[in-house]
Amino acid sequence: MSHELSIKLVFVNSKPHYDKGTMIKLRTGLYIALTGITLSACSPIETDQGYRVDPEQLAQIETGITNKDGVTQLMGSPSSIATFQTEGDAWYYISSKTEHLAFLPKEVVSRDVIIVKFDINDVVAEIEDHGKDQGTEVEMVERTTPTGGRKLGFFEQIFGNLGRFNTDGDQ
């Protein structure tokens, strides 16, 4: 017994048929999705860097009593230590918060610098809290240092080494 199976395909209309209501719903859904993607790209990207100050820990540091070990236990190691010491060390705890949109440059939203100054006996002498408003912007100098020699052109750089290779094996 042999059975044969035959399939007959009939193409009446190769394009899918949608009514106006379905097309409007699809188009509206697409617009809503594109609007959502566009708006989510506009939210700022926030970045926190450095030491986050806990006011309770900072309040526990007492001038004239707390030493360097006590400050380290309460606040951890500093972000920076003063290079030039006059009477004692100065420790800097620095934090900043920046945000930017897409490809735009970062903007500093907040910056906090806590300076813990020590006396000669390594005991806290003074605590200063500086915010973003007390800082100053430093402009970078765009100068370059000239170097000796002559400047090579584009083609001299590309073809300058042709014929300079040693082929007889001497080194």
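Summarised in this report is the structure supplied together with it. (Residues numbered from 1 in each chain as written. Predicted model: local features only at pLDDT ≥ 70, side-chain atom pairs only at ≥ 80, totals over all residues. Heavy atoms only, no water.)

To continue, consider the layout of surface pockets. Roughly 170 Å³ of volume is contained in the largest pocket. Around the largest pocket, the lining is made up of 14 residues, and of these T86, G88, D89, K117 and F118 lie nearest the centre. Looking at the lining of the largest pocket, the elements with two or more residues in it are β3 (90-100), β4 (107-118) and β5 (124-131). Tallied by class, the residues present in the lining of the largest pocket amount to six nonpolar, three polar and five charged. (1 Å grid on protein atoms, 1.4 Å probe; cavity = no way out; pocket = protein on both sides within 12 Å on 5 of 7 lines; lining within 4 Å. Points joined across faces, edges and corners; volume = space filled by probe spheres on them. Helix = DSSP H or I, 4+ residues; strand = E, 2+ residues; numbered from the N terminus. Nonpolar A, V, L, I, M, F, W, Y, C, P; charged D, E, K, R; others polar.)

A word on the pattern of salt bridges. Going through the model one piece at a time under the given rule, you end up with five salt bridges. Ionic pairing is found between D89 and K68, a salt bridge with its closest N-O pair at 2.1 Å. Of the two residues, D89 is situated in the loop between β2 (80-81) and β3 and K68 in helix α3 (residues 68-75); the sequence distance between them amounts to 21 residues. Taken individually, D89 and K68 each receive the classification buried, so the pair is uniform in this respect. Two residues, E128 and K117, come together in a salt bridge whose shortest N-O distance is 3.0 Å. A residue pair is termed long-range when its members are at least 10 positions apart, and E128 in strand β5 and K117 in strand β4 qualify at 11 residues. (Salt bridge = Lys/Arg side-chain N within 4 Å of Asp/Glu carboxyl O. Buried < 20%, exposed > 50% of the residue type's maximum accessible area, 1.4 Å probe, protein only.)

Backbone geometry places D122, a non-glycine residue, at a positive phi of 60°. Examined against the element boundaries, D122 turns out to sit in the loop between β4 and β5. In this structure D122 comes out as partly exposed when scored by relative accessible area, which is 32%.

On to the pairing of β4. Summarising the sheet, β3 and β4 pair through 10 bridges and their orientation is antiparallel. When the sheet's bridge partners are listed, I94 is paired in β4 with V113. Connecting β3 to the next strand, β4, in antiparallel fashion are six residues, including A102 with a positive phi near 45°. Taken together, β4 and the strand that follows it, β5, pair antiparallel across an intervening segment of five residues, in which D122 is found at a positive phi of about 60°. (Pairing = 2+ DSSP bridges.)

This part is about the environment of S77. Considering the arrangement of structural elements, one finds S77 in the loop between α3 and β2. Separated by 16 residues in sequence, S77 and Y93 have C-alpha atoms that sit 8.4 Å apart.

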